[in-house]
Amino acid sequence: MAAARSAHTVGNLVVLDGAPADGDAVDGLLACGDVVRADARETELLAGRPVPDAAAGLRVGRLLLDKGPRPVALSVGDAGNVFVWPDGDIVVPLAEVDVVDTTGAGDAFTAALTLALLRGAEPAEAAHAATVAAAATVGHVGGRPCLTPEIVGDR
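Positions within a chain are numbered from 1, following the residues in the order the chain's sequence is written. Only residues with pLDDT of at least 70 are given local features in this predicted model, and only at 80 or more are side-chain atom pairs given and counted; all residues enter the totals for whole chains, interfaces and linings. Each side-chain value is worked out from all heavy atoms of the structure, with water and hydrogens disregarded.

Caption draft 1: Representation of the packing of helix α5 (residues 105–118) against helix α6 (residues 123–138). As a packed pair, α5 and α6 sit with axes 7 Å apart at the nearest point and diverge in direction by 150°. The pairing of α5 with α6 is recorded here as roughly antiparallel in orientation. Note on packing geometry: the crossing formed by α5 with α6 is right-handed. For the pair α5 and α6, the contacting residues are A105, A108, F109, A112, L113, A116 and L117 in the first and A126, A127, A129, A130, T131, A133, A134, T137 and V138 in the second. For this classification, Asp, Glu, Lys and Arg are treated as charged, while Ala, Val, Leu, Ile, Met, Phe, Trp, Tyr, Cys and Pro are nonpolar and the rest, including Gly, are polar. Of the residues belonging to the contact of α5 with α6, the class tally is 14 nonpolar, two polar and no charged. Throughout, an axis means a line fitted to C-alpha atoms (over the contacting stretch in the case of helices), and angles, computed between N-to-C directions, take values from 0 to 180 degrees. Comment: elements are numbered from the N terminus, with helices defined as DSSP H or I runs of at least four residues and strands as E runs of at least two. Orientation labels follow simple angle bins: below 35 degrees gives roughly parallel, above 145 gives roughly antiparallel, 65 to 115 gives roughly perpendicular, and whatever is left gives oblique. It is the rotation of the near helix from the far one that decides the hand of a crossing: anticlockwise by less than a right angle makes it left-handed, clockwise makes it right-handed. Between two residues, a contact is recorded if the distance between any of their heavy atoms is within 4.5 Å.

Structure representation (structure tokens):
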């Protein structure tokens with residue numbers, strides 16, 4: 001919490017990836033966060049209930065958005081990922097790729113999302129970069145894909 005608060009205070013981009021074990025800390029973290037990313041299990045922790053589909057994910061994303069971050073990116077199981085920002089939202093289905101190993105997919109997703117946003121990408125463009133990076137990752141053993149500028153959207 002101290003790190004998020006300090007970074008937020010000086011104007012750094014604060015990316016929150018996950019859900020705290022202490023439910024009481026959620027609102028404080030969200031108030032300091034600029035971007036929230038949660039996998040399916042973390043999305044349910046943040047929601048406090050199951051999130052069975054994209055429509056429910058969008059509702060949860062809107063609730064989280066009201067607490068501070070812009071944008072919110074949530075994994076919703078087989079439905080893919082939902083991205084919510086003040087001016088809209090998008091549902092990006094899972095890519096149809098051969099999954100070899102899911103190790104590192106979430107990290108690649110978050111890194112590509114963050115990079116795209118830092119480079120000034122529109123939310124839909126950042127969402128695309130994040131999902132492409134995750135899809136590229138699951139096709140390799142050990143979470144070590146080749147994330148070239150073409151994959152993550154070099155500007």
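Let us keep going from here.
Caption draft 2: Looking closely at the sheet that holds strand β1 (residues 15–17). Within the open sheet, the five strands sit side by side as β1-β2-β3-β4-β5. Their pairing is mixed. Either end of the sheet is taken by a strand with one partner, and the two such strands are β1 and β5 (88–92). Between one strand axis and the next, the sheet turns by 10° as a mean value, whatever way the strands run. Whether two strands pair comes down to DSSP finding at least two bridges between them. Sheet analysis places β1 next to strand β2 (residues 35–38), joined by three bridges and oriented parallel. The partner of V15 across the bridge, within β2, is V35. With respect to the sheet, helix α4 (residues 54–65) is in contact with β3 (72–75), β4 (81–85) and β5, its orientation differing from that of β4 by roughly 35°.

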